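Next come the chains, spelled out residue by residue.
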Amino acid sequence: MEQIPMVDLKSQYLKIKDEVDAAIQEVLDSTAFVRGEAVSRFQRHFEEYLGVKHVIPVGNGTDALQIALMSLGLRPGDEVITPTFTFVATVEVVALLGLTPVFVDVDPYTFCMTPEAVERAITPKTKAIVPVHLFGQNAEMEAILKIAENHHIFVVEDACQSIGSVYKFSDGIVKKSGCMGHFGCTSFFPSKNLGCFGDGGALFTDDDDLADVARCMANHGMKVRYHYDRVGVNSRLDSLQAAILDVKLRHLDEYISHRMASASVYDKGLSDIPQVVIPRKSSRSTHSYHQYTIQVPAGKRDSLQKILRENGIPSMIYYPIPLHLQKAYGHYGYKSGDFPVAERLSREVLSLPMHSELQDDVSAFILQKIQEFFAESV
Ligand SMILES: *Cc1c(COP(=O)(O)O)cnc(C)c1O
């Protein structure tokens with residue numbers, strides 16, 4: 001079998017080529033490359049899709065997180081609680097703004113921060129919580145929102161991997177990922193579930209005042225042209241990316257359904273292997289499977305990855321070192337052993353090929369190689 005891709009953007013593009021090419025051509029003809037009609041159209045459609053009042057398109061997911069935090073009026077030294085098991089961007093922006101990241105451990109099965117750990121990490125200096133809906137599944141938002149409300153602190157959701165998944169509250173209300181906190185942030189990096197053909201991102205909120213501040217922050221702190229109310233940044237989604245995203249948004253739910261179907265093929269093929277822990281579903285959240293991530297304990301993860309590679313099967317380790325043990329974040333004083341779940345996960349997780357174009361014969365081949373590996377290694 002030829003080399004299998006981790007993510008197949010080519011086949012995905014070819015299926016919607018006519019729609020995408022026409023949308024790109026329309027922007028080229030308009031020459032409105034920045035702040036064009038394509039951007040406001042996508043913004044409107046994304047607001048409708050999410051069921052949220054304000055979408056603020058920006059340059060990438062990291063900017064979205066940074067602008068969200070910049071809009072909350074926090075002061076240097078204020079504490080922001082984040083999981084240690086996440087992509088660096090979540091924490092990087094906290095550090096860049098002079099805020100203090102306070103790490104917490106994650107749930108061993110859903111990979112998301114636990115409300116119990118959040119509660120324990122609260123101090124009088126805590127001003128915000130940044131839950132990360134890792135791999136496509138929402139953190140336990142009902143409990144996290146309750147903690148935030150009790151302590152009068154902000155919640156900024158990192159929904160960079162979870163766009164399109166939904167969370168059900170105990171009263172039956174269903175909300176889209178990223179639409180539960182004060183701000184939600186997402187990324188349109190090409191390999192994300194809703195990806196563009198370059199960089200892009202957005203933050204969203206139902207709060208009119210926060211939306212005003214965030215829009216101003218993303219545009220040099222400017223509300224009236226050449227009048228600067230705040231120190232801001234320059235971050236925007238360009239019209240070409242917005243036009244592409246507007247097309248792909250129409251297909252997002254199909255893409256997620258395909259990922260879910262591929263995940264259940266993996267689930268079935270792996271559930272009989274005692275040495276493999278398959279991703280567990282939260283009872284409250286759907287899973288958009290940005291990643292399909294298994295756990296392979298007992299030191300076998302790296303040898304499995306090697307065998308897969310020899311058979312043309314890629315796999316990735318998200319994430320090999322938790323953030324509290326990274327050099328750049330060493331001065332916050334954490335040490336090995338502080339977050340045992342995250343530290344164990346970093347040694348045991350393995351993400352398998354997962355995308356909207358994954359075919360059953362390919363996943364069958366991947367499953368066969370994993371099954372053979374464990375049959376031989378007992
Ligand atoms: C991708 C990602 C980001 C950053 O998005 P960019 O668009 O690459 O800046 C932030 N947080 C998480 C969890 C991500 O997966």
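Residues numbered from 1 in each chain as written. Predicted model: local features only at pLDDT ≥ 70, side-chain atom pairs only at ≥ 80, totals over all residues. Heavy atoms only, no water.

Here's the deal with the overall build of the protein
(1) Moving on: Of regular secondary structure, the protein possesses 13 helices and eleven strands.
(2) Moving on: Since a compact globule built from 378 residues should have a radius of gyration of about 21 Å, the 21 Å found for the protein is in line with a globular shape.
(3) Moving on: Projected onto the principal axes, the alpha-carbon positions of the protein cover approximately 70 × 55 × 45 Å.
(4) Moving on: Of the contacts formed within the protein by residues at least 6 apart in sequence, a portion of 73% connects residues at least 24 apart.
(5) Moving on: Here the protein has roughly 16400 Å² of accessible surface; of this, 53% comes from carbon and sulfur atoms. (Helix = DSSP H or I, 4+ residues; strand = E, 2+ residues; numbered from the N terminus. Rg over C-alpha atoms; globule rule 2.2 N^0.38 Å. Contact = heavy atoms within 4.5 Å. Areas by Shrake-Rupley, 256 points an atom, 1.4 Å probe, with all protein chains shown as cover.)

A few points about the nonpolar core
(1) Moving on: Core analysis: the biggest nonpolar cluster contains 36 residues, and I81, F85, F111, M113, I129 and L134 have the highest contact counts within it.
(2) Moving on: Put simply, the parts of the chain that give this core at least two residues each are strand 3 (100-104), helix 6 (115-121), helix 7 (141-150) and helix 12 (340-348).
(3) Moving on: Ranked by the residues each element gives to this core, the list is headed by helix 7, at five residues. (Core = buried A, V, L, I, M, F, W, Y, C linked by side-chain atoms within 4.5 Å. Buried < 20%, exposed > 50% of the residue type's maximum accessible area, 1.4 Å probe, protein only.)

Here's the deal with helix 8 (residues 208-218)
(1) Moving on: Turning to helix 8, its buried residues number three or more, namely L210, A211, V213, A214, C216, M217 and A218.
(2) Moving on: On the buried face of helix 8, the contacting elements are strand 1 (54-58), helix 4 (61-70), strand 8 (183-187) and strand 9 (201-205).
(3) Moving on: Where helix 8 begins, the capping side chain belongs to D207, and its oxygen is found 2.9 Å from the backbone nitrogen of D209.
(4) Moving on: A positive phi of about 60 degrees marks H220, the residue just after helix 8. (Polar contact = N/O pair within 3.5 Å; in protein donor to acceptor, adjacent residues only side chain to side chain.)

Focus: a nonpolar patch on the surface
(1) Moving on: Among the surface-exposed residues, L28, F33 and V34 lie close enough to one another that they form a single nonpolar patch of about 240 Å² accessible area.
(2) Moving on: Tracing the sequence through the fold places F33 in the loop between helix 2 (17-30) and helix 3 (37-50).
(3) Moving on: Since its relative accessible area comes to 38%, F33 is described here as partly exposed. (Patch = residues over 30% accessible without salt bridge, like charges linked within 9 Å, V, L, I, M, F, W, Y side chains within 5 Å. Salt bridge = Lys/Arg side-chain N within 4 Å of Asp/Glu carboxyl O.)

Focus: the side chain of E348
(1) Moving on: With respect to the helices, strands and loops of the structure, E348 is situated in helix 12.
(2) Moving on: A distance of 2.7 Å separates a polar atom in the side chain of E348 from a polar atom in the side chain of R344.
(3) Moving on: In contact with E348, not counting residues within four places along its chain, are I294, Q295, V296, P297, A298 and R301.

Concerning the domain arrangement of the protein
(1) Moving on: Partitioning the protein into domains gives domain 1 (9-104 + 111-249) and domain 2 (252-376).
(2) Moving on: Relative placement of domain 1 and domain 2: their C-alpha centres are 25 Å apart.
(3) Moving on: At the interface, 43 residues of domain 1 touch 33 residues of domain 2.
(4) Moving on: Summing the contributions of domain 1 and of domain 2, the shared interface buries around 3400 Å²; its carbon and sulfur component is 58%.
(5) Moving on: The residue R284 makes a salt bridge to E142 at a minimum N-O spacing of 3.0 Å.
(6) Moving on: At the boundary of domain 1 and domain 2, one finds 22 residue pairs in polar contact (both at pLDDT 80 or more).
(7) Moving on: Listing elements by their share of the side of domain 1 that touches domain 2, those giving two or more residues are helix 1 (9-15), helix 5 (89-96), strand 3, strand 6 (166-168) and helix 9 (239-249).
(8) Moving on: Examining the composition of the side of domain 1 that touches domain 2, we find that five residues originate from one element, strand 3, more than from any other. (Domains from an automatic or database assignment. Buried area = accessible area lost by both parts, 1.4 Å probe.)

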